Amino acid sequence: MEVSSESRRGYTKYGFLTQEPPLRQLPLPFCQWESLLKEAQVAVRTLKRISTACESELDYTMSQWRRQVRQMRVIRFEPQRCLEAVSHRAHHVLTFLVQYYIQSQSEEARNRGTVVRIPASLAVPLVAVSRHLGIAPILTYADTVLWNWKWIDPKKAVSVQNVGMIDLFTNDSQEEHFFLTSLRMEICGRASTKAMLEMSQSRSKRSDGDDDHRQLVENVRTIARNLDELTDIFCAVREGLTPDFFYNDFRPWIQGADQGIESPSWLYEGTGLILQPSGPSAGQSAMMHSFDVFLGIEHPHSSYAPGSGCAYINSALNPHREVREGKTIASRCPRSGGNDKPQVHQSVSHCFSHGSRSTQSQVRCPASNHSIPSERSSAQSNEVDTSFNARMRTYMPIQHQEYLLWLKEHTPFRHTREPVLKSQAALEAHGAAVRALQRWRNAHIQVVTQYVILPARRKFCLEAQAAAMAENSTPRRECPAAEIDESTTKQVVRGTGGTSLIPLLKIYRENTRNAAVGSALMHPAKEITRVQRGPFDLLWWLLSFFAVGGLLLRDVTEFLQKLLGAMVTFDKAGESGLMVMLCSLWSHILVAIDN
Ligand code: HEM
Ligand SMILES: N[C@@H](CC(=O)c1ccccc1NC=O)C(=O)O
């Protein structure tokens, strides 16, 4: 797999962000799209903000807006004749318009029947530009983050403080803070990308000298430290975003059509496409994928070939069969994760990869496309779709997909972890990086619980209560969110990427942990010290200190009591009280981490 030296330079300098700040306005022929975007943004901001009493006014305004969209003529977009930056902006604007168009419709309208229609005025140019970019024809992480940033002060360099977002759905600073968190991680993560590139490139022209080896160890240590910085930036998402705003006000705008079997399909008028695409997720960040790829952490069933596999239809006719390239084969598509029953995925489709820009029609089920889970894997993973990562790659720009394939071929930690087996220092560095990634995944699971699981349970409760009241007008009974059991959560809660999210995230964390345990077993190694510790780590160490200290204190006390008889007195009640408190705190922390 060849990645041009030019694009490699690009990754080095700006990570996965574009070299230049993204375009903020499309050229003249496409200004109507820009005006429609402004109109929708203003309507949502002004009418939603005032009060809920304005909801119907918002509905009315948006229905007028949708009419304009339907009546707009199809403007031809010829990406081959445009600068790449224009294509990025076109994909960004069109996918924002599609989200406004679909998500501003009432829930009944969206679920009525099985198909939601995207007017040709949006669908035709969107499919053209998506083919050109080798990306899915739906709002992606690239649209919301990578192609959506601006310098605050163009005279200063790009830094985590000197950036802002261009377009938002709600125009609320909380939404900006959410996207900025990812953007800042992308900027900060450039240090890792640079280190990975250096190592992987030098592997091709390998000299294996001592200096090379020292450099490798230094680079892997850089990655470990950088991952901890990323975790700190990630945790700061809490500083400017409330779970209520995230879940109830912002998230509905970015939903895709991959929210379970009852999700409607999206029909792209004038293109022949019917898809059930996933919404955006930072799981589409090539920077985040590169850590797993580089460190050799495997997530089973995430093997992958580039292209966009999101193009298919769930015809839901025969639950046990899938039509593939003219043949009918028995299969199951793990597309929507968790509670997937065998489904039909009769593909339609066009592929959005470079290699197949021509109107190639092929049958693909995005997740199972490259790897259909075996019996063993299903049992092992408790029916969780672990091919999420492979599917998410098909929502990345094609260069990022190709870069990840190149990295997999060239990482020094491929196959046998050659340098690791050779050197204790490299092994330690690798173990520290893996553990740092695991810490990031722990933090991520906690944030997902706080921002998705708990608000979803709360909403489910309120809806159940309202329904019960409407049915038999029984008095309102409290329904604490915590009462909802796990199976209900699984049914009602999905990620924008369409997954049954917590089981998936836990498996990914487990795979990471196993990679770390594996190397630690081979050579028990000292942990590389973290450069920055979060308050949680401090608490962890303090508790460990007191717990161990408490145990020691008890042993020493007993010893002294035996030794000195009655000379040493110790308040037994106080001591055991302390122990109980410490144990219970400890178990709370363990439970919190496991959640
Ligand atoms: C409030 C903030 C966030 C929430 C609620 C959230 C939620 C989720 C959810 C629900 C998933 C499951 C997959 C799916 O989308 O269906 C997921 C996956 C993922 N998210 Fe986030 N996310 C947040 C922020 C971030 C950020 C800032 C990053 C990094 C840039 C990130 C990186 C990932 C990755 C890499 C995955 C794939 C699973 C893995 O590798 O462990 N997330 N996220
Ligand atoms: N998967 C997340 C959404 C998400 O993480 C996301 C979506 C769009 C752009 C960036 C995202 N992640 C972090 O900024 C969710 O289920 O809400």
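What comes next is a walk through the structure. (Residues numbered from 1 in each chain as written. Chains lettered and ligands numbered in written order. Predicted model: local features only at pLDDT ≥ 70, side-chain atom pairs only at ≥ 80, totals over all residues. Heavy atoms only, no water.)

**Quick notes on the site of ligand 2**
1) Next: Residues in close proximity to ligand 2 total 13 residues, the closest being T144, S182, R251, A282 and T496.
2) Next: Here an oxygen atom of ligand 2 and a side-chain polar atom of S182 are 2.4 Å apart.
3) Next: Note that an oxygen atom of ligand 2 is positioned 2.6 Å from one of the side-chain N or O atoms of R251.
4) Next: Elements represented by at least two residues in the shell around ligand 2 include exactly α7 (141-146), α8 (173-188) and α11 (243-254).
5) Next: Split by residue class, the shell around ligand 2 holds 7 nonpolar, 5 polar and 1 charged. (Near = heavy atom within 4 Å. Polar contact = N/O pair within 3.5 Å; in protein donor to acceptor, adjacent residues only side chain to side chain. Helix = DSSP H or I, 4+ residues; strand = E, 2+ residues; numbered from the N terminus. Nonpolar A, V, L, I, M, F, W, Y, C, P; charged D, E, K, R; others polar.)

**Quick look at the environment of V74**
1) Next: Within the secondary structure, V74 sits in the loop between α3 (55-71) and α4 (84-103).
2) Next: Spatially, the C-alpha atoms of V74 and P119 are 9.2 Å apart, while their sequence positions differ by 45 residues.
3) Next: In this structure V74 touches A120, S121, V124 and P125, once residues within four positions along its chain are discounted. (Contact = heavy atoms within 4.5 Å.)

**Things to note about the environment of E78**
1) Next: Relative to the elements of secondary structure, E78 occurs in the loop between α3 and α4.
2) Next: Sequence spacing of E78 and P125 is 47 residues, and the spatial spacing of their C-alpha atoms is 8.2 Å.

**Describing the packing of aromatic side chains**
1) Next: Taken as a whole and judged by the stated rule, the model has 18 aromatic pairs.
2) Next: Between F234 and W440, the aromatic rings sit 5.7 Å apart at their centres with planes inclined by 65°, giving edge-to-face as the arrangement. Here the residue F234 occupies a position in helix α10 (residues 210-235), and W440 occupies one in helix α17 (residues 424-472), the gap between them amounting to 206 residues. W440 carries the same exposure label as F234, and that label is buried. (Phe/Tyr/Trp six-rings, centres within 6.5 Å; stacked < 30°, edge-to-face > 60°. Buried < 20%, exposed > 50% of the residue type's maximum accessible area, 1.4 Å probe, protein only.)

**Quick notes on the pairing of strand β4 (residues 265-268)**
1) Next: Residues S265 and L267 point to one face of β4 and W266 and Y268 to the other, with burial holding for every one of them.
2) Next: Here 4 bridges tie strand β1 (residues 115-118) to β4, and the two strands are oriented parallel to one another. Following the sheet pairing, V116 is matched in β4 by W266.
3) Next: Pairing geometry for β4 and strand β5 (residues 273-275), over 3 bridges, is antiparallel. Residue pairing for β5: Y268 is matched across the bridge by L273.
4) Next: Joining the antiparallel neighbours β4 and β5 is a turn of 4 residues, in which G270 adopts a positive phi near 80°. (Pairing = 2+ DSSP bridges.)

**A word on the nonpolar core**
1) Next: In terms of nonpolar packing, the biggest core is built from 126 residues, with W33 and Y268 touching the most fellow members.
2) Next: The contact partners of Y268, leaving out residues within four places of it in the chain, are I118, A123, L126, V127, P137, I138, L273, L275 and P277. (Core = buried A, V, L, I, M, F, W, Y, C linked by side-chain atoms within 4.5 Å.)

**Observations regarding the coordination of the iron atom of ligand 1**
1) Next: Just one protein atom coordinates the iron atom of ligand 1, and that atom is H444 (NE2), at 2.2 Å.
2) Next: The residue H444 is located in helix α17 in this model. (Donors = N, O, S within 2.8 Å, 3.2 Å for Na, K, Ca; no water.)

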